[in-house]
Amino acid sequence: MSDTNPLSSTQSVLYFAYGANMHPGQIAGRCGEVEVEVVAVARLPGYALAFFGRSERWDGGEESAVRQPGSDLWGVLYRLSAAAFDRLDAWQGAKLDGTGAYFHSPAQVVAADGSGHMAVMYRRSTTREPALPSTEYLDYVAGAAESRGVAAGYVEKLRTIDSVKASYPVPKEGPTDRFLASLPLGASCAC
């Protein structure tokens, strides 16, 4: 394994994105382009993509990684500055005390070249109520995966997940989004 602890350095964090954060525009907008380095397209063995709860932004279920033996969850492995990762935590609603919408979870991912990496990913805190994602959100995630070079078969699998058309124009921006977007790029937030 090339990395033993994704949080061992105060300088950078290896982060595995498997949903909308694969999108180049979204990750750059949330973290700053100079704060983000694409390390590899990677997969997380024994996990799959599932949707729970409700996203106001996308009018449908929110993604989470769930254990599923025999499956592979594909995504993008990024190297983020520590400040960019803090900022991303604020966007995701992740709190270190575990009370946020998402929490940090270790991820032993395998890059396309076969190298292993220890990273951190976000998982939903509550996964009791499965929910369909909006079609628009699923299209966004599939487009992000395709743009990053994720295997075509996996992208096609994403496009076949059951979904429902959003009942209003999405993505819907909220007051927290405007606040976070107004912070200088590279700034961390103690939100």
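For clarity, every value in this text was computed on a predicted model and none was experimentally measured.

### Brief notes about the packing of aromatic side chains
As enumerated under the stated definition, the model contains 9 aromatic pairs in all. Judged by centre distance (6.5 Å) and plane angle (90°), the ring pair of F51 and Y137 falls under edge-to-face. One end of the pair, F51, is in strand β2 (residues 36-55); the other, Y137, is in helix α3 (residues 135-147), and 86 residues separate them in sequence. Here F51 matches Y137 in class, with each residue buried. Consider the rings of W58 and Y137, whose centres lie 5.1 Å apart with planes at 55°: the pair is tilted. Here W58, found in the loop between β2 and β3 (60-81), pairs with Y137, found in helix α3; they are 79 residues apart in sequence, far enough to count as distant.

### Focus on helix α1 (residues 24-31)
For α1, the set of buried residues is Q26, I27, A28, R30 and C31. In the core, the buried residues of α1 are packed alongside β1 (12-17), β2, β3, α2 (82-92) and α3. Directly beyond the C-terminal end of α1, a positive phi value near 95° is found at G32.

### Brief notes about the pairing of β3
Both β1 and β3 contribute to a ladder of 6 bridges, which runs antiparallel. Paired with A17 across the bridge in β3 is V76. In the sheet, β2 pairs with β3 via 16 bridges, with the strands oriented antiparallel. By the bridge assignment, L44 is partnered in β3 with L73. Here β2 folds back onto β3 in antiparallel fashion, the turn holding 4 residues, of which D59 has a positive phi close to 55°.

### A closer look at the nonpolar core
One finds Y15, F16, L73 and L80 to be the most contacted residues of the largest nonpolar core, which totals 46 residues. Contact partners of F16, with chain neighbours within four places excluded, come to A42, L44, L73, W74, G75, V76, L77, V109, A119, V120 and M121.

Parameters and conventions
- Residues numbered from 1 in each chain as written.
- Predicted model: local features only at pLDDT ≥ 70, side-chain atom pairs only at ≥ 80, totals over all residues.
- Heavy atoms only, no water.
- Phe/Tyr/Trp six-rings, centres within 6.5 Å; stacked < 30°, edge-to-face > 60°.
- Helix = DSSP H or I, 4+ residues; strand = E, 2+ residues; numbered from the N terminus.
- Buried < 20%, exposed > 50% of the residue type's maximum accessible area, 1.4 Å probe, protein only.
- Contact = heavy atoms within 4.5 Å.
- Pairing = 2+ DSSP bridges.
- Core = buried A, V, L, I, M, F, W, Y, C linked by side-chain atoms within 4.5 Å.

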